[in-house]
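# Tertiary structure, described
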Amino acid sequence: MSNSDVAKCPKDKLPEYAFIGRSNVGKSSLINMLTNRKNLAKTSGRPGKTQLINHFIINKNWFLVDLPGYGYAKVSKSSKKVFQKFITAYFAKRTQIVSAFVLIDSRHEPQKIDLEFMQWLGENQVPFSIIFTKADKLTKTKLPVQINNYINEMLNYWEEMPNYFITSSSSGLGQEDVLKYIEDINNQLAKSS
Ligand code: GDP
């Protein structure tokens, strides 16, 4: 189901996992890799395309949610940076959200908007993991250097490094780990309900 309005998202109270990141981070490719589908999520988003929240039901027991990329909303009278309403409303209203996955291109140095978005999630008590994407684009020696660099930056703001995964949609790296992580949480939730 695709929606431009949070109020119209599915009513089902299934556990929900939201994938989000800046445009071109590899989100569509990752969703296709996780689900073993070539074209479930549409790759290479056109800039300016309609921003939709896409709910994919997986194995009839959880929702994989493809969120539009975040950006700062234009707030005229204040210099304070806020994320666009669309995104903040989603996290405020979807109480069935179990965790967000924030996608970070493993080749890039830490970017302010990603760090601020994770901070916003923390302040709003939204649990999240980081998914480093496109690991295949780095050499075996450069990859751990980049990841460590990111961890060090995160530790300037966080007491502990959030849970993270290193993935490649080209090689399938990380697929099992991410899916197992979700499955384990779903099993725990099913037991406790
Ligand atoms: P989105 O805008 O975040 O949905 O990003 P896409 O999934 O459309 O990917 C953006 C570009 O990066 C495309 O050209 C993809 O082919 C490429 N890409 C995405 N993931 C990977 C990956 O794991 N490895 C490599 N080598 N390229 C990737």
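My aim in this report is to walk through the structure given alongside it, one point at a time.

Calculation criteria
- Residues numbered from 1 in each chain as written.
- Predicted model: local features only at pLDDT ≥ 70, side-chain atom pairs only at ≥ 80, totals over all residues.
- Heavy atoms only, no water.
- Salt bridge = Lys/Arg side-chain N within 4 Å of Asp/Glu carboxyl O.
- Helix = DSSP H or I, 4+ residues; strand = E, 2+ residues; numbered from the N terminus.
- Buried < 20%, exposed > 50% of the residue type's maximum accessible area, 1.4 Å probe, protein only.
- Polar contact = N/O pair within 3.5 Å; in protein donor to acceptor, adjacent residues only side chain to side chain.
- Contact = heavy atoms within 4.5 Å.

### Some points on the pattern of salt bridges
When their charged atoms lie close together, side chains carrying opposite charge are able to pair. The final tally for this structure, using the stated rule, is seven salt bridges. For Glu16, the salt bridge is made with Arg94, and the minimal N-O distance between the two is 2.9 Å. Residue Glu16 is found in strand β2 (residues 16-20), and its partner Arg94 is found in the loop between α2 (85-93) and β7 (97-105); the two are separated by 78 residues along the sequence. In this structure, Glu16 and Arg94 share a single accessibility class: buried. Note that Glu116 is salt-bridged to Lys112, the shortest N-O span being 3.7 Å. Separated by four residues within a single helix, Glu116 and Lys112 lie in helix α3 (residues 112-123), roughly one turn from each other. The partly exposed category is assigned to Glu116, whose relative accessible area is 23%. With relative accessibility at 54%, the residue Lys112 sits in the exposed group. The network of salt bridges with shared partners includes Asp105, Arg107 and Lys134.

### Description of the side chain of Glu16
Relative accessible area serves as the criterion here: at 0%, Glu16 is assigned to the buried category. At a separation of 2.9 Å, a polar atom in the side chain of Glu16 contacts the side chain of Arg94. Those residues in contact with Glu16, other than ones at most four positions away along the chain, are His55, Phe63, Val65, Tyr90, Arg94, Gln96, Ile97, Val98 and Ser99.

### Some remarks on helix α1 (residues 27-35)
Burial of α1 is extensive: seven of the nine residues sit out of reach of the surface. Among the residues of α1, those classed as buried are Lys27, Ser28, Leu30, Ile31, Asn32, Met33 and Leu34. Looking at the buried side of α1, the elements it contacts are β2, β3 (53-58), β4 (62-66), β7, β8 (128-133) and α5 (175-192). Downstream of α1 by a residue or two, Asn36 has a phi angle that is positive, lying close to 55 degrees.

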